[in-house]
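What the coordinates show
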Amino acid sequence: MTVSALLVTLAALAFTNAGVIFQNEGTIEGWSATQVEHKGYLRQVDNVYFDKPPALAMGQVFDPNYPGRYHSELRYNAGYGLGDTRYYGFAFQLHPEWNFSPPISYNLAQFISPFPKCDSYMPTTMVWLRGSKLFTRTKFGSVCDQKLDTFSLDVEVTAGEWHTIIIGASWQANTTGFLQLWFDGKPVLDKQDIPTTVAETEQFQFRVGLYANGWYDDKSQRPLDGTYEVFYDKIAIATTKDEADPGKQC
Ligand SMILES: *[C@@H]1O[C@H](CO)[C@@H](O)[C@H](O)[C@H]1NC(C)=O
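Computed from a prediction, not measured in an experiment: that's the story for all the values here. (Residues numbered from 1 in each chain as written. Predicted model: local features only at pLDDT ≥ 70, side-chain atom pairs only at ≥ 80, totals over all residues. Heavy atoms only, no water.)

This model, assessed by the stated rule, comprises twelve salt bridges. Here Lys-234 ties to Glu-25 by a salt bridge, and the two come within 4.0 Å at their closest N and O atoms. Taken together, the residues span a long stretch of sequence, with Lys-234 in strand E15 (residues 228–238) and Glu-25 in the loop between strand E1 (20–24) and strand E2 (33–36) at a distance of 209 residues. On the basis of relative accessible area, Lys-234 is assigned to the buried category, the value being 3%. Asp-51 serves as the salt-bridge partner of Lys-234, at 3.3 Å between the closest nitrogen and oxygen. One end of the pair, Lys-234, is in strand E15; the other, Asp-51, is in the loop between strand E3 (41–45) and strand E4 (55–60), with 183 residues separating them in the sequence. Its relative accessible area of 42% is what places Asp-51 among the partly exposed residues. The structure contains a network of salt bridges with shared partners spanning Glu-25, Asp-51, Lys-52 and Lys-234. (Salt bridge = Lys/Arg side-chain N within 4 Å of Asp/Glu carboxyl O. Helix = DSSP H or I, 4+ residues; strand = E, 2+ residues; numbered from the N terminus. Buried < 20%, exposed > 50% of the residue type's maximum accessible area, 1.4 Å probe, protein only.)

Sheets are built from strands that pair by backbone hydrogen bonding, the pairs being arranged parallel or antiparallel. Ordered in space as E2-E5-E14-E7-E8-E9-E10, the seven strands form an open sheet in which the pairing is antiparallel. The sheet is open, and its two borders are formed by E2 and strand E10 (145–153), each paired with just one other strand. For this sheet, the mean inter-axis angle between neighbouring strands, taken without regard to orientation, is 20°. Pairing between E2 and strand E5 (residues 71–80): four bridges, direction antiparallel. Note on E5: the bridge partner recorded for Ala-33 is Arg-75. (Pairing = 2+ DSSP bridges. Axes fitted to C-alpha atoms, helices over the stretch in contact; angles between N-to-C directions.)

Another aspect to go through is the side chain of Thr-164. You can see Thr-164 is positioned in strand E11 (residues 163–170). Those residues within four positions of Thr-164 in sequence are excluded, and the remaining contacts are Phe-50, Phe-90, Ala-91, Trp-182, Phe-183, Asp-184, Gly-185 and Pro-246. (Contact = heavy atoms within 4.5 Å.)

Attention shifts here to the environment of Pro-187. Along the chain, the position of Pro-187 falls in strand E13 (residues 186–194). For the pair Pro-187 and Gln-203, spaced 16 residues apart in the sequence, the C-alpha separation amounts to 27 Å. Excluding its chain neighbours within four sequence positions, the residues that come into contact with Pro-187 are Leu-181 and Trp-182.

Close contacts around the ligand come from Gln-172, Asn-174 and Thr-176, and that covers them all. Contacts to the ligand include Gln-172, whose side-chain N or O atom sits 2.6 Å from an oxygen atom. Between an oxygen atom of the ligand and a side-chain N or O atom of Asn-174, the distance comes to 2.4 Å. Alone, the ligand offers 360 Å² of accessible surface; in the complex the protein occludes 34% of this. (Near = heavy atom within 4 Å. Polar contact = N/O pair within 3.5 Å; in protein donor to acceptor, adjacent residues only side chain to side chain. Areas by Shrake-Rupley, 256 points an atom, 1.4 Å probe, with all protein chains shown as cover.)

Right, let's talk about the nonpolar core for a bit. In this structure, Phe-92, Leu-134 and Tyr-232 are the most contacted members of the largest nonpolar core, which totals 50 residues. The dominant element in this core, judged by the number of residues it contributes, is E15, at five residues. Excluding residues within four positions of it along the chain, Tyr-232 makes contact with Gly-26, Ala-55, Leu-56, Met-58, Phe-90, Ala-91, Phe-92, Leu-108, Trp-162, Val-208, Gly-209 and Leu-210. Counting seven residues, the second-largest nonpolar core is a separate cluster that includes Val-48, Ala-57, Ala-91 and Phe-231. (Core = buried A, V, L, I, M, F, W, Y, C linked by side-chain atoms within 4.5 Å.)

Of all ten residues that make up strand E8 (residues 121–130), eight are buried, and the element is covered over most of its length. Note: strand E7 (residues 105–114) against E8, eight bridges, orientation antiparallel. Note that in E8 the partner of Pro-114 across the bridge is Tyr-121. The antiparallel pairing of E7 with E8 creates a hairpin that spans six residues between the two strands, and Cys-118 there sits at a positive phi of about 70°. Inspection of the sheet shows E8 paired to strand E9 (residues 133–142) by four bridges, in the antiparallel sense. Each residue of the ladder has a partner; that of Trp-128, found in E9, is Phe-135. Between the antiparallel neighbours E8 and E9 lie two residues, among them Gly-131 with a positive phi of about 65°.

Once that is clear, we can look at the side chain of Thr-136. Inspection of the secondary structure puts Thr-136 in strand E9. Its relative accessible area of 2% is what places Thr-136 among the buried residues. A polar contact of 2.8 Å, which involves the side chain of Thr-136, links it to the backbone oxygen of Met-126. Residues in contact with Thr-136, not counting those within four places in the same chain, are Thr-125, Met-126, Val-127, Trp-128, Asp-149, Thr-150, Phe-151, Leu-153, Leu-179, Leu-181 and Leu-189.

What follows is the structure, given as structure tokens:
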């Protein structure tokens with residue numbers, strides 16, 4: 001191969017993002033579906049963004065007289081199936097008036113699938129905020145015999161500035177899986193040779209957005225005044241980490 005042919009080939013390789021399964025640059029368009037409950041909202045905004053407008057703003061409003069759940073989420077249906085290896089990236093920013101106390105659980109991303117038996121919608125891995133800390137988990141076993149492992153991540157989430165998350169997962173029901181997480185580019189979780197999902201082969205959705213799950217699941221603590229809104233940008237699913245990286249997505 002001549003040098004110029006080689007350069008053409010290299011350039012072509014650099015511009016193909018063959019491993020990108022899904023990509024969204026902060027638009028409401030392009031998703032499989034939305035789920036916004038009660039006084040929650042989902043907007044496309046131009047004044048807050050990761051690298052260029054737009055970005056997504058998803059918020060929830062606490063109502064002591066409302067008995068239901070508080071989702072403000074977008075979903076992509078083909079998140080994963082048993083045996084897949086995938087990387088999921090997104091940038092997020094908590095609204096500057098986010099109130100970190102009391103430490104209630106606010107979910108930021110999750111994998112979930114409907115099941116007719118033993119559960120209705122069953123989430124496996126979730127990534128959630130409690131206070132300024134992040135947590136994630138694996139769910140394994142089976143839908144009718146669910147097992148959980150929760151991991152506390154050594155990070156400090158701040159409001160009013162962008163953070164990035166990349167999740168790497170080999171979705172296995174036996175001990176050949178892995179779960180990794182990078183926060184602001186730093187590795188903060190690397191669990192190898194573990195089961196990462198249930199034995200069922202159903203497709204799991206990948207969802208991002210604010211799901212104020214603690215407002216429903218834990219009624220011992222009520223939110224204080226604050227703006228419970230999360231901005232999202234540069235969301236991707238890919239077969240390589242770099243292609244999912246919010247700072248490197250094409
Ligand atoms: C683990 O499960 C996968 C299917 O997801 C299968 O291909 C593989 O052979 C299994 N490995 C072991 C050691 O059981």
